Amino acid sequence: MTDTTTIAIDGPAASGKGTIARRIAEHLGLRHLDTGLLYRGVAALVRDQGIFPTDGDAVGRIAGDLTIEVLERDDLREDGIGNLASIVAAHPQVRAALMEWQRNFAMGGAVLDGRDIGTVILPDATAKLFISADADVRAARRWRELSKTQDIAYRTVLESIEERDRRDAERASAPMTHAADADLLDTSEMSIEQAVAEALRLVNEQITAARS
Ligand code: DC
């Protein structure tokens, strides 16, 4: 029998949601989609093709033509692409173009992580979490990661995270917010192992409640 369980994991950058989503998917034997990669893929193509990120129709066309190969590019994790992704993600044309993509992936069961999964993409998900952490904790985590491969100041990373939080939470179209029926998990004072264990406990509780 196919497992049609769908799990929505939302939260801001460097909250731990990506690792948590991947580990929950492994644990439950479900596929996993990091939806941030879709917006990052659009951003990379916008940059390559010299399109104005503010031109919603042109960026929307790029999103409509997005192919799975783009998600394999190894520049998608760059900080600059993350920022550009947050700008292009504000266009309703982009969000509409990527909605079906995400829902099709979720069909038959999956874990999706992003900003609007529990509110817009999978409002009927079996289980929902909203992962948060203080901005300075998230910036320190991101800085530790980025400084392995580039020379970057902690302050720059913190400002970039705060700017992205603001943009993602304040946009009119599908802003980042927690669904009313999501469990909130603040990982500020947790190791990633503690956060994964707590997230699994909450998700299992919601799955059991949904089945009873
Ligand atoms: O999760 P991430 O940092 O890779 O996401 C990059 C940007 O993409 C994020 O700042 C906002 C956008 N995004 C979005 O608007 N909706 C999603 N479901 C996922 C990402």
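Residues numbered from 1 in each chain as written. Predicted model: local features only at pLDDT ≥ 70, side-chain atom pairs only at ≥ 80, totals over all residues. Heavy atoms only, no water.

Undergrad: Sorry if this is basic, but what is going on with the site of the ligand here?
TA: As a matter of local geometry, the ligand sits amid 15 residues, with Arg 40, Arg 115, Arg 164, Asp 168 and Arg 171 nearest to it. Within the side chain of Thr 35, a nitrogen or oxygen atom sits 3.0 Å from a nitrogen atom of the ligand. The contact in question runs from an oxygen atom of the ligand to an N or O atom on the side chain of Arg 95, over 2.9 Å. Contact with the protein chains removes 98% of the 450 Å² of surface that the ligand exposes when unbound. Only α2 (36–49), α4 (79–88) and α8 (154–170) provide two or more residues apiece to the shell around the ligand. The leading source of residues in the shell around the ligand is α2, at three residues. Taken together, the residues of the shell around the ligand sort by class into three nonpolar, four polar and eight charged. (Near = heavy atom within 4 Å. Polar contact = N/O pair within 3.5 Å; in protein donor to acceptor, adjacent residues only side chain to side chain. Areas by Shrake-Rupley, 256 points an atom, 1.4 Å probe, with all protein chains shown as cover. Helix = DSSP H or I, 4+ residues; strand = E, 2+ residues; numbered from the N terminus. Nonpolar A, V, L, I, M, F, W, Y, C, P; charged D, E, K, R; others polar.)

Undergrad: I keep staring at helix α1 (residues 17–28) and nothing clicks. Help me out?
TA: Since there are 3.6 residues in each turn of an α-helix, residues three or four apart along the chain are aligned in direction. Spanning twelve residues, α1 covers 16 Å between terminal C-alpha atoms, matching the ideal 16 Å at 1.5 Å per step. For α1, the full list of buried residues reads Lys 17, Ile 20, Ala 21, Ile 24 and Ala 25. Seen end-on, α1 carries its buried residues on one side only, within an arc spanning 130°. For α1, the exposed residues set more than 90 degrees away from the buried face come down to Glu 26 and His 27. Among the residues trailing α1, Gly 29 stands out with phi positive, at a value near 70°. (Expected span 1.5 Å × (residues − 1). Buried < 20%, exposed > 50% of the residue type's maximum accessible area, 1.4 Å probe, protein only. Arc of directions from axis to C-beta.)

Undergrad: For this particular structure, what's the right way to read the sheet that holds strand β2 (residues 31–34)?
TA: Hydrogen bonds between backbone groups are what pair the strands of a sheet, and the pairing can be parallel or antiparallel. If you trace the five strands from one edge of the open sheet to the other, you get β2-β3-β1-β4-β5, paired in parallel fashion. For this open sheet the edge positions go to β2 and β5 (183–186), each flanked by a neighbour on one side alone. Each strand axis lies, on average, 20° off the axis of its neighbour in the sheet, ignoring direction. Note that β2 and strand β3 (residues 110–114) share four bridges and pair parallel. Directly across from His 32, in β3, lies its bridge partner Val 111. (Pairing = 2+ DSSP bridges. Axes fitted to C-alpha atoms, helices over the stretch in contact; angles between N-to-C directions.)

Undergrad: Help me understand the packing of aromatic side chains in this model?
TA: Geometrically, a pair of aromatic rings is defined through the distance of the ring centres and the angle of the planes. Across all of its chains, the model carries zero aromatic pairs by this definition. The ring of Phe 105 carries Arg 31 above its face, with NZ or CZ at 4.4 Å from the centroid. (Phe/Tyr/Trp six-rings, centres within 6.5 Å; stacked < 30°, edge-to-face > 60°. Lys NZ or Arg CZ within 6 Å of the ring centre and 35° of its normal.)

Undergrad: I would appreciate a short explanation of the pattern of salt bridges in the present structure.
TA: Think of it this way: side chains of opposite charge can pair up when their charged atoms draw near. Per the stated rule, a full pass over the model turns up 16 salt bridges. A salt bridge links Glu 78 to Arg 47; its shortest N-O distance comes to 3.5 Å. One end of the pair, Glu 78, is in the loop between α3 (56–64) and α4; the other, Arg 47, is in helix α2, and 31 residues separate them in sequence. Looking at Arg 47, the relative accessible area reads 41%, which means it is partly exposed. The closest approach of N and O atoms between Asp 181 and Lys 128, which form a salt bridge, is 3.0 Å. Here Asp 181, found in the loop between α8 and β5, pairs with Lys 128, found in strand β4 (residues 127–132); they are 53 residues apart in sequence, far enough to count as distant. The partly exposed category is assigned to Asp 181, whose relative accessible area is 49%. (Salt bridge = Lys/Arg side-chain N within 4 Å of Asp/Glu carboxyl O.)

Undergrad: Is there a simple way to explain the environment of Leu 185 in this structure?
TA: Tracing the chain through its elements places Leu 185 in strand β5. The class of Leu 185 is buried, set by a relative accessible area of 5%. Along the sequence, Leu 185 and Ile 121 sit 64 residues apart, while their C-alpha atoms lie 20 Å from each other. Excluding anything up to four places from it in sequence, Leu 185 contacts Ile 20, Phe 130, Ile 131, Ser 132, Met 190, Ala 195, Glu 198, Ala 199 and Leu 202. (Contact = heavy atoms within 4.5 Å.)

Undergrad: Sorry, what's going on with the nonpolar core here?
TA: General note: in soluble globular proteins, nonpolar side chains tend to be found buried as a group. Core analysis: the largest hydrophobic core is formed by 32 residues, its most contacted members being Leu 38, Tyr 39, Val 42, Leu 66, Leu 98, Leu 112 and Leu 122. Contributions of two or more residues to this core are made by α2, α3, α4, α5 (92–106), β3 and α6 (117–121). Apart from residues no more than four positions distant in its own chain, Leu 38 is found in contact with Leu 33, Leu 66, Leu 71, Leu 98, Trp 101 and Gln 102. Ranked by size, the runner-up nonpolar core spans 19 residues in total, among them Leu 30, Val 111, Ala 195 and Leu 200. (Core = buried A, V, L, I, M, F, W, Y, C linked by side-chain atoms within 4.5 Å.)

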